[in-house]
Structures are given as structure tokens and as C-alpha cells.
Amino acid sequence: MSERPVHRAVSAAVAALVAVLVLAGCGAPRSGVGEGLAGTVTVFAAASLTEVFTELGEQLEDDHPGLDVQFNFAGSSALATQLTQGAPADVFASADTDQMDVVTNNGIVSTAPALFATNTLEIAVPAGNPGEITGLEDLADPDRTIALCAPEVPCGAAAEEVFDAAGLTAAPDTLEEDVRAALTKVTLGEVDAALVYATDVRAAGDAVQGIEFREAADVVNGYPICTLTDAPNPAGARAFAELVTSRAGREALAAAGFGAP
Amino acid sequence: MSRRRPRDGGVPAPLLVPALLAVAFLVLPLAGLVVRAPWSELGPQLTRPGVGEALRLSLVSATLATLVSLLLGVPLAWVLARSQVRGRSVLRALVTVPLVLPPVVGGVALFLVLGRQGVIGRWLFETTGFSLPFTTAAVVVAETFVAMPFLVISVEGALRAADARFEDAAATLGADRWTTFRRVTLPLVAPGIAAGAVLCWARALGEFVATITFAGNFPGTTQTMPLAVYLALQRDPDAAIVLSLVLLAVSLATLLLLRGRWLGRGATA
Amino acid sequence: MSLVARVVVQRGSLAVDVELSVGDGEVLAVLGPNGAGKSTVLRVLAGLLAPDGGQVVLDGDQVWDSADRHVPAHQRSLGMVFQDHLLFPHLSVTENVAFGLRTRGVRRPAARAAAGRWLDRVGLAGVGERRPGELSGGQAQRAALARALVGDPRVLLLDEPLSALDARTRLTVRAELRRHLADYAGSAVLVTHDPIDAMALADRVLVVEDGRVVQSGPPDEVARRPRTDYVARLVGLVLLPGTGAGRQVALDGGGVVAVAEEVGGPVFVAVRPESVSLYLDRPAGSPRNVWPLTLGAATPHGSVVRCDLTGEVPLTADVTATAFAELGLAPGAAVWASVKASEVAVYAR
């Protein structure tokens, strides 16, 4: 958050352990420098980007056979924390600008972040709508079982704004640490409804139904992407970021339900 | 200072060096917590609303989980150690599976059985309208699932080590198996049970993944200290450190209080 | 007869088949070497082990064990004293003694009072509030006896009750045990490997070896006329099997022994070590039994040296230490041994 280089250096050991475990399959970090597009590209991306980024990663690997794209999908705030604690990565794509600011303020961003997509919230209910949810008011009903994202993650922050805009007080039973965890509760049928992104509703297919609501349009999450200063594979990082912002990338994102940046 | 004679309780060098490294490995991270703590902000951080709630919830649920583990685990340990029931070794392997199972798998498994759509949970929901996930009870269930095997193994070990001849003596004095268990076996293995309970409580207190997967996360109801620490880390690392310190202090105090019984009568040095 | 039993048990490679009967007020000692199966027999009588065959019947009509029935230990009217007293360490001595009454429903005040009386009887007045760990070995064993007897059991079982005590304590506790057993009105079975216990405490002795009864009878008769090497060695006799003809016995292992009475058929010849005399040269004189033997091991016992002799008539001789030294004896020495025919015991095998 604030600039505390000493704090960051001492705490690096703790978070680096987490990141090392996550990146265990990546091999030696300092590879691919100056060798063109080969080696590993490590992408930290918001959970809502899971399907579309995986698809784009495969496309990049097809175009450049020596390349291996590895992903770490999680809540954007968790990713931001890991990056500021020194986790080695090439690219960061966040679900809102707040979490990107955290990373930018720590001075580890090499290119200015570029918005590549937008997303809005949608109510997700299990197939068949067993809880008979009709709109946002039902998510303020304490008798219903509702999952929201924790306010620390972009999805949760957006949810708070949405409820403010509607003048309602949310009555969640659980605050999940990333949007996919909330979605899973819906697909398992364990909650009556959850507030997730429109793209997540689409990604879940038949297991989940979506219910749109008016206030969703008022709260739009902008998704920025950037490459990082200590990237182990800067060429690969640039290549991935460019693919995301290219026409092919925009088409893939649109197909998944993301809005234009 | 007394002069230490070489053979009088000194540690041989080949053992001393690794021992010191082990101490460093275990203690340095804790020391790091203490050193980097924002001592000047300690007051405001500690009095934030969520902290007391999370701590209370953690202590209550860990204690409840330990009580459930004692009620169910001690009889199970007796069956494993003393009965002639067939298939005991298979049973023992099964009940210690949660020890090696990743907690997230445990959380998912609990969901699949006790969730609203779960094998048993569905019946429960349809007949009583009560669903276990997202309640404090679910926290206790998740913690019991991961912690009870510690108690069972500990108590089974104590029962095996106890002299079974006392039970013979009790039988010749007219005590049936239940009376023998109550008045002879249980008092004899009480220290082993206490040690197992402490281990169980500590494990329950620290449980995170199974809890967040099965019980969810909501302040006051299911947000235990480990969950609070994890979420705070993303928002405000200082808060995370303070919460961690609180948990560390509580754990240390409990273990020190029980240190004599934790390791048995000979270890109060 | 009050307790009649045939105990048939297979314990690993040991097949136990023992018949016994003990009357009211009688004490039966079961004597035998370690591994003979004595404790197994006791555990079956106690109901701690279900036998593979046979039966255990009390007072002619209470069947404790039979082909289709096994009454568990806690339902039998018995008291048991163990080698290591096995007083419950977490209870006081009084609570230990009262235990057998409390399990049978006696209320605490009455049970404690009865326990107190019994502690007085065994000489442990005032010790009731201590823990077993604070008692000496002898005190603990007395408390164990009180604990076993407080419920007025029909059968009293004692499993090597004196073996864990040191020599001096053993003397005093044995004497007290003798008194209490004399007062006890039920059937008592005492298992021991110490013949002195059997002699001092029992009315009858059952000798068990390898799971079988090899001899039974009053203790002094068993001691005077042992039928196995084990008992003979225990009571300090040398036992030699042979065949009698007239006043001579041809030993199975070779050699001839002259005896005082007419005997015939298979017999045992028993010689006490103190009846054997040793000479360096062949003695001339009245003894009919004189043999050249070799001195094997020589073990001092107080003022006496016990000599093991090998040769045509293997014997054990006790000579005074002075004589041993004067004769200049050492292992390997050739000696002449003699025994008076009148001091050789011979009896049918």
C-alpha cells in the first residue's frame, strides 16, 4: 500500500513462499531473457478471467511453440498483496483499478496499465431458481441464503456500491475470498443466490441462471492489465499483454461476456 | 555461574547444531512477527470491531470442537485399543484419514455430505429447514473433522500403554466393562487424554481452509481468527500482523499453562 | 467339595489340562516352574480367560464355566490377589479396599467403614488415606489382601502373592497370610513357584508341569516323596529313577543303590544332600553304598558347600566349608561318595 521498502523486504520471505509454491511448475525464474519468445510467462489474473485467459494463453503457446504460459487465478486483492510482497510474475490483470493502484503505488509496474475489458455484476442462482429469487431486493432478505464476495476483492467492492445505489442493506451469509468461490456455492446449490460477474454466469453454463438488475449498469469494473518491472520474461510478458489488448483478445473477451474497455 | 563439566548434561555437537537450526527455523518467523508489529498502532488495531468477535469465535469454536472430539473420540479410541471388534486396523486407517487429507478436500467432502444439497444435508433441510453451512455449527463441524483424529490417536496410544492388568483386577472386584472404564481406565489415562485434547484444540484453533470452504466467511458467525488474518493481509498487512500476534499470544499462553500435562509428568522443566 | 474344576486351555504351544478341587476353608497350592501354566489355570478360575474345555463349578450347582456357558469375572463371587498388588494408583488405600463393595452397590459410608475394619485386621490402621505409591511392598500386598477379602468372596485366588517382596518382608507377610487363610472360610487357590510358600500356607499341593498335574497331596508328603526332578530339586533332594529288586535298586542310568526296605518294580530313589559323605580314598566301613565319582561344580551356601557329583550315580552332596578345604577338593577331583542305606528314601514310581 504505502511505500515501505523495508517492510516489503522483510516480509518478502513469507509471501515468497506462497508464490514459490504457486509457481512451482514454472522452472527457473530468470529464463528466456534475450532469447525471443520462449520460456515461461507467469500471469497473475483475476479469478473472473479464468476461462478466457486460459484460452488466450493456449493461443499464444500455439503461435510460439517455445512458450509456456502459466496462470495464477485468484482474487485481485490477494494477487496484489503477493506481488507487492515480491512474488515473481510477468503480467498482472486485475478486476478493478483499485487493486492495480496498489501494485502501481509500489513501483513495480513497467508499462502503464491499460484497460482491456469491463464487467458488470449479475445475480447468479442455481438452475431452476429453487430460492425463487426475483431481483436485488431478495439479496437483502435475511431469510435467504446469499453469498457475496468479501469487500476486499473487486467483486465485493462493486457489490457494496450496487447495494448503496439501490438503497438496500445486503444480508449475506458468507463473504467469499474470490468471485469463483461464490460462484461455486451457487453451482453446488448451497446458496439461493450470489452476486457475481455477468461473465461468471456465462462461464458456469447450465448449472447457473442469471438475473439481471437495473443498478448493475451503474457499477462497472474496469479491468486493467500491465507488465511488471522485475518480470523474468519481459518479451513474453509483452507478447501476452499485447495479445489481450489485440483484436483477437477483444473478440475472445466479448465472446465471454466482457464489455468493451 | 557454575562451571559445567563436559559429561554433565552437555549436548554433543552433532546434535547441538541441528537442534539450534531447528529452533531458529521454528522461532524466527514468530520473532519476525513480534519485531515487525506496528506497536504504536496496537491499541487502535486491537479495538477494531472485528477483532474481538473473531477471537471470541475462534476460542469458542475450538473449545466446542474439542469437547465434541472428546465425547466421540475417547470411546472410539477405547474400541480401537481394547475391543476385539474385527477390522480394527481398517477402522483406524479410516479415522486417521483426515490427518493426511488436505483440509480443502475435507471442506469439500463435508459440503458434499452435509451441505444443503448434500447426501445427508438435503434430508435435514427438507425435514427441519435447517442447513449447516454458513453457521457457527459448521465451523465446529469443520474443526472437529480435522482435529478429532489427533485426539483419537493420542488416546489410543495412552490406552495401549496403560497396564491392562488393572482392568483385570477391577473385574475380579465385580466391575463390569463400563464401570471399569469409568472408574479405572479413564482416570489412569487422563494425562494422555489431556495431552490429546490440547493437541486437538490447537489444531482446531488454527484450522482455516476446511472452515472457509464449508462454513464460509462472515464476521461474527464464521469468520475465525485465521480467516480474519488471511483477509486482512490483502487489505491492511498491519492489521494482519496484529491479529496474528493476538493468536500467537493466546496459543502460547494456553500451551504454557498446560506444559506439565502436555508432555506428561516428567517434563515440567 | 466347594470348588471343582477341570481346566482345559490351549495357550500357544502349551496344552493345559488340570483337574482340581478345593473344599471350604481349604487352601490348595499350585506349584510348578515358570511356563507350566499355573497362572493360566488361575485366570480361568477367575473368569478372566474362557477355557477351551472342561468346567468350573462352585458348590456343586453354580456353573461358572462349561461347554455352553462362561460367567465373566465380575459376576463371580471371588477375590484375587496379584503378584504386583495392582492397587489402583489413582485411589486412596481405603478407596481401593472399598472398591469391591462399591461396585456391588454398597453405599460409600458403609463401604468405607468396612474397608477401615479390614485395614485394621491386616495391620494397616491409619494408612487408609495414603496412595498406593506411598506404601511399602509388604503394606501394599496386605492392602491387596484386604481388598480381595472385603466382599466376603466364596473363592480366594492368589497369584504368586509373595514373589515380588524382598526376603525379609516375605517372611512376615507369609506369616500373616497364613493367619488370614486360616480364618478364611471359602476355597483358596494359591499359585507359587516357591515350595516354602506351599509348605507354609497350603493344606494340599498340586504340582503342575507342562500344563499337566504330575503330583498332588499334602505338602510334607510331596516334599518327602517328590515324583519329578523339579520338585525334588526344589526341596533339595536328589531324585533317581530305577527298578527295585529285593534290597537293591538298579538305576535307569546305570549303577546300583542298596536300600533298607524290600522293593520291587519301578521306583524313585531320593537322597538328601546332607546324607552324602565324601572321601578321598575308598572308605571301609558299614555303608553299603560307596561309589567313585567326579566332583563337578561346587557352590558355597553359607557354611556349607553344595557339591554336584557326576558318575555312575549322580548325586548332590553338602559338606562343611572346613571339610571341603581340608580335603583340598576342587572341580574335577576324583572322590568317593557314600550314603547309608537307611538314609535313602525309596518309593514306588
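Nothing here was measured: the structure is a model prediction, and the numbers come from that model.

1. Describing the nonpolar core
The biggest cluster of nonpolar side chains holds 110 residues, and the ones touching the most others in it are Ala29(C), Val30(C), Leu157(C) and Leu190(C). Once residues lying within four places of it in the same chain are set aside, the contact partners of Leu157(C) are Leu42(C), Leu45(C), Ala46(C), Leu78(C), Met80(C) and Val189(C).

2. Details of the pairing of strand S3 (residues 27-31) of chain C
Residue and element names in this part refer to chain C. Of all five residues that make up S3, five are buried, and the element is covered over most of its length. The side-chain alternation of S3 yields two buried faces, one formed by Val27, Ala29 and Leu31 and the other by Leu28 and Val30. Across five bridges, the pairing between S3 and strand S9 (residues 187-192) is parallel. Looking at S9, one finds that Leu28 is bridged to Val189. As paired strands, S3 and strand S10 (residues 204-209) are joined by four bridges and run parallel to one another. When the bridges of S10 are listed, Leu28 appears paired with Arg204.

3. Thoughts on the interface of chain A and chain B
Facing the 16 residues of chain A at the interface are 18 residues of chain B. Of all the secondary-structure elements, those providing two or more residues to the side of chain A that touches chain B are helix H3 (76-84) and strand S7 (174-176) of chain A. Here the side of chain A that touches chain B is built from residues that sort into six nonpolar, five polar and five charged.

4. Here's the deal with the sheet that holds strand S14 (residues 277-279) of chain C
Residues and elements named next belong to chain C. Pairing in this open sheet of five strands is antiparallel, and the strands run S14-S18-S15-S16-S17 from one edge to the other. Two strands close off the open sheet at either side, each with one partner strand: S14 and strand S17 (315-320). Here the average twist between neighbouring strands, direction ignored, is 45 degrees. Of the pairings in the sheet, the one linking strand S16 (residues 304-311) to S17 comprises six bridges and is antiparallel in character. For Asp308, the partnering residue across the bridge sits in S17 and is Thr316.

Parameters at a glance
- Residues numbered from 1 in each chain as written.
- Chains lettered and ligands numbered in written order.
- Predicted model: local features only at pLDDT ≥ 70, side-chain atom pairs only at ≥ 80, totals over all residues.
- Core = buried A, V, L, I, M, F, W, Y, C linked by C-beta atoms within 7 Å.
- Buried ≥ 20, exposed ≤ 12 C-beta atoms within 10 Å, placed from the backbone.
- Contact = placed C-beta atoms within 7 Å.
- Helix = DSSP H or I, 4+ residues; strand = E, 2+ residues; numbered from the N terminus.
- Pairing = 2+ DSSP bridges.
- Nonpolar A, V, L, I, M, F, W, Y, C, P; charged D, E, K, R; others polar.
- Axes fitted to C-alpha atoms, helices over the stretch in contact; angles between N-to-C directions.

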